[in-house]
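Tertiary structure, described
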Amino acid sequence: MVVAAALASGLVIAGPALRRHYPVVWWVCIGFPAACIRIVRTWRPLMAGCGLAISRRAALTVVSGLVGNGAPPPQPRVPRRGLVLPTRDGFRLLIRMLPGQVPEDFVKAAPAMAHDWEVHAVRVSTWRPGVVRVLASATDPLKEPRVPRQRTPGRLLRVTVGVLETGAQWVIDLRQVPHWLIVGATRSGKSTLINALVAGLSPQRVALVGIDCKGGMELSLYEPRLSALATNRGQAVKLLRALVDLTLDRMTVCREARVRNVWGLPEKQRPVPVVVIVDELAELFLVASRGEKDEAQAAATALIRLAQLGAALGVFLVVAGQRVGSDLGPGVTALRAQLGGRICHRVADPGTAEMALGDLNPDALHAAQSITPEQAGTAVLASADGWDRARSHLVPETEAEAIAAECAHLTPHVPELAEAIGAPTGPSLHIERLDSDE
């Protein structure tokens, strides 16, 4: 007991320094045991206060028992919790719900759990029927992301761009979710995220195609690594049509080879994947004359066709914009339906957040609307699998430009796209084996 008391006293005294220099060790030795004590001590009153406890006996029976026998009232039934397990910067546990309860009841109680357990945040999700999963973060991992930046070729079309609120890596995998919509106001972190994505894709054997109708002010930074760049709507329409033709040609090749996608083709026949980055979607859709209306409609139609056909044929979309709303035209809503991955930074109008997240998850929409101007780089990402808060790595424009220039020799030349914008033709490039690291 003396030794245990001495060790405990030493940990308490050295706690602040240990937390500052070795946060994981501090959490395992001090933070997590303290959190477990708080959970055990507050579990029953917390469940009762949140309306998650159920009386064992009817109220009239309880009152009659008190009057007749002078016995204390029976304790209410509370949801049964599982073992509390530590994570790198928090803990997790499973809760078996009582009859009549639904996961939404526990989602509403998450803020109360965070306050009672003295942690930064609590997330509740469905684990299996009748059971919910509680994941708590002791500190805010988005304040100072510690995930190392990816600057070498990794798994094809997979890039680590930041860190999730859970402390895990924020990975964008275009093989799993092929098309993405990124929205965010000025200085919200949208451009920084695109910098991180391009920096991660540049060392890989993929073709990057840019569409920047603001004269190329944003995407021209990566021009040495781009196989094609359209800087106005006229060029964009030609480039998108060429991409659609490219997709149809690949469809013919797959049909003749009797495979369902380009990944089923023999290695030497497999075409290079194409990642199309569209910056400022509104510039493609806003019109001021009849001629511009026709161009905008053509661009919208081509984008929708690429989103519908591209995933199986090696063409992927990353569409970004400061403002994305149905007022830009009917094509925006149809395109949004095809973009399965959504990333919403702080936005200037609620309609943009609604367009990005409203059809996927109301909780994600509420979280996105709560992002403050001081939380630059913080975003809410959502897909059919759920949603998370995340923060991208800070990749300055100068660093992204340097990476693009360094990897310029890896730029594939796609003749169909070069001809669309009048660039000289050259040899095409094929990707490496899918099971390799490149």
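About the cut-offs
- Residues numbered from 1 in each chain as written.
- Predicted model: local features only at pLDDT ≥ 70, side-chain atom pairs only at ≥ 80, totals over all residues.
- Heavy atoms only, no water.
- Helix = DSSP H or I, 4+ residues; strand = E, 2+ residues; numbered from the N terminus.
- Buried < 20%, exposed > 50% of the residue type's maximum accessible area, 1.4 Å probe, protein only.
- Contact = heavy atoms within 4.5 Å.
- Areas by Shrake-Rupley, 256 points an atom, 1.4 Å probe, with all protein chains shown as cover.
- Patch = residues over 30% accessible without salt bridge, like charges linked within 9 Å, V, L, I, M, F, W, Y side chains within 5 Å.
- Salt bridge = Lys/Arg side-chain N within 4 Å of Asp/Glu carboxyl O.
- Lys, Arg positive; Asp, Glu negative; His and termini not counted.
- Charge placed at Lys NZ, Arg CZ, Asp CG, Glu CD.
- Pairing = 2+ DSSP bridges.
- Axes fitted to C-alpha atoms, helices over the stretch in contact; angles between N-to-C directions.
- Parallel < 35°, antiparallel > 145°, perpendicular 65-115°, else oblique.
- Left-handed = near helix turned anticlockwise from the far one by under 90°.
- Nonpolar A, V, L, I, M, F, W, Y, C, P; charged D, E, K, R; others polar.
- pLDDT = per-residue confidence, 0-100.

Concerning the overall build of the protein
Looking only at helices and strands, the protein features 14 helices and 15 strands. Put simply, the protein has 438 residues, and 47% of those count as buried. Taking contacts inside the protein between residues at least 6 apart in sequence as the whole, the part at least 24 apart equals 65%. Carbon and sulfur atoms make up 55% of the accessible area of the protein, which totals about 21400 Å².

Overview of a negative patch on the surface
A cluster of acidic residues, Asp245, Asp249, Glu416 and Glu419, forms a negative patch on the protein surface. At the level of secondary structure, the elements contributing two or more residues to the negative patch comprise helix H7 (233-257) and helix H14 (415-420). Tracing the backbone through its elements, the reader meets glutamate 416 in helix H14.

Regarding the sheet that holds strand S12 (residues 315-321)
Taken together, the 10 strands give an open sheet; going across it, the order is S7-S6-S15-S14-S13-S8-S12-S11-S9-S10, and neighbouring strands pair in mixed fashion. Strand pairing shows two members of the sheet lacking a second neighbour, strand S7 (169-173) and strand S10 (226-230), which therefore form its edges. Here the average twist between neighbouring strands, direction ignored, is 25°. Alignment of strand S8 (residues 179-183) against S12, held across five bridges, turns out to be parallel. In the strand pairing of S12, valine 183 is matched with glycine 321. Together, strand S13 (341-344), strand S14 (378-383) and strand S15 (386-392) form the strand contacts of helix H12 (residues 362-369), whose direction differs from that of S14 by roughly 165°.

Comments concerning the pairing of S7
Across five bridges, strand S6 (residues 158-164) lies against S7 in antiparallel orientation. The residue bridging valine 159 from the neighbouring strand is isoleucine 172, located in S7. Connecting S6 to the antiparallel partner S7 that follows it, the hairpin turn spans four residues, and glycine 167 within it adopts a positive phi of roughly 95°.

A few points about the environment of alanine 404
Mapped onto the secondary structure, alanine 404 falls in helix H13 (residues 397-406). Residues alanine 404 and proline 224, spaced 180 residues apart in sequence, show a C-alpha to C-alpha distance of 6.1 Å. Beyond its immediate chain neighbours, meaning those up to four positions away, alanine 404 contacts Ser202, Leu221, Tyr222, Pro224 and Arg225.

Considerations on the packing of helix H2 (residues 23-49) against helix H5 (residues 110-117)
Interaxial distance between H2 and H5 falls to 10 Å at its minimum, and their mutual angle equals 140°. By the angle between their directions, the pair H2 and H5 is classed as oblique. Here H2 and H5 pass one another in a crossing that is right-handed. For the pair H2 and H5, contact is made by Arg38, Ile39, Thr42, Trp43, Leu46 and Met47 and by Ala112, Met113, Asp116 and Trp117, respectively. Residues of the contact of H2 with H5, tallied by class, amount to seven nonpolar, one polar and two charged.

Focus: the environment of leucine 394
In this structure, leucine 394 sits in the loop between S15 and H13. We classify leucine 394 as exposed; its relative accessible area is 58%. Distance in space between the C-alpha atoms of leucine 394 and threonine 192 is 6.2 Å, their sequence separation being 202 residues.

Topic: the packing of helix H11 (residues 350-357) against H12
Running from N to C, H11 and H12 point in directions that differ by 145°, and their axes come no closer than 9 Å. At the point where H11 passes H12, the crossing takes the right-handed sense. Listed contacts from H12 to Pro350, Ala353, Glu354 and Leu357 of H11 are Ala364, Leu365, Ala368 and Gln369. By residue class, the composition of the contact of H11 with H12 is six nonpolar, one polar and one charged.

A few points about the pattern of salt bridges
In the structure shown here, the tally under the stated rule is seven salt bridges. The partner of aspartate 279 in a salt bridge is lysine 214, with the nearest N and O atoms 4.0 Å apart. Residue aspartate 279 is found in strand S11 (residues 274-279), and its partner lysine 214 is found in the loop between strand S9 (207-212) and S10; the two are separated by 65 residues along the sequence. Taking relative accessible area as the criterion, aspartate 279 reaches 4% and is therefore assigned buried.

Side note on the pairing of strand S3 (residues 90-96)
With two bridges joining them, strand S1 (residues 80-81) and S3 adopt antiparallel strand pairing. Residue arginine 80 lies in a different strand from S3, and its bridge partner there is arginine 96. Where strand S2 (residues 85-87) meets S3, three bridges bridge the pair, whose relative direction is antiparallel. Across the sheet, proline 86 pairs through a bridge with phenylalanine 91, a residue of S3. Bridge count between S3 and strand S5 (residues 131-137): seven bridges; the pairing is antiparallel. If you follow glycine 90 over to S5, its bridge partner there is serine 137.

Description of the confidence of the model for the protein
Averaged over every residue, the pLDDT of the protein is 83; the share at 70 or more is 84%. Low pLDDT (under 50) marks residues 424-438, which in the prediction has 43 contacts with non-local residues, meaning those over four places away or in another chain.

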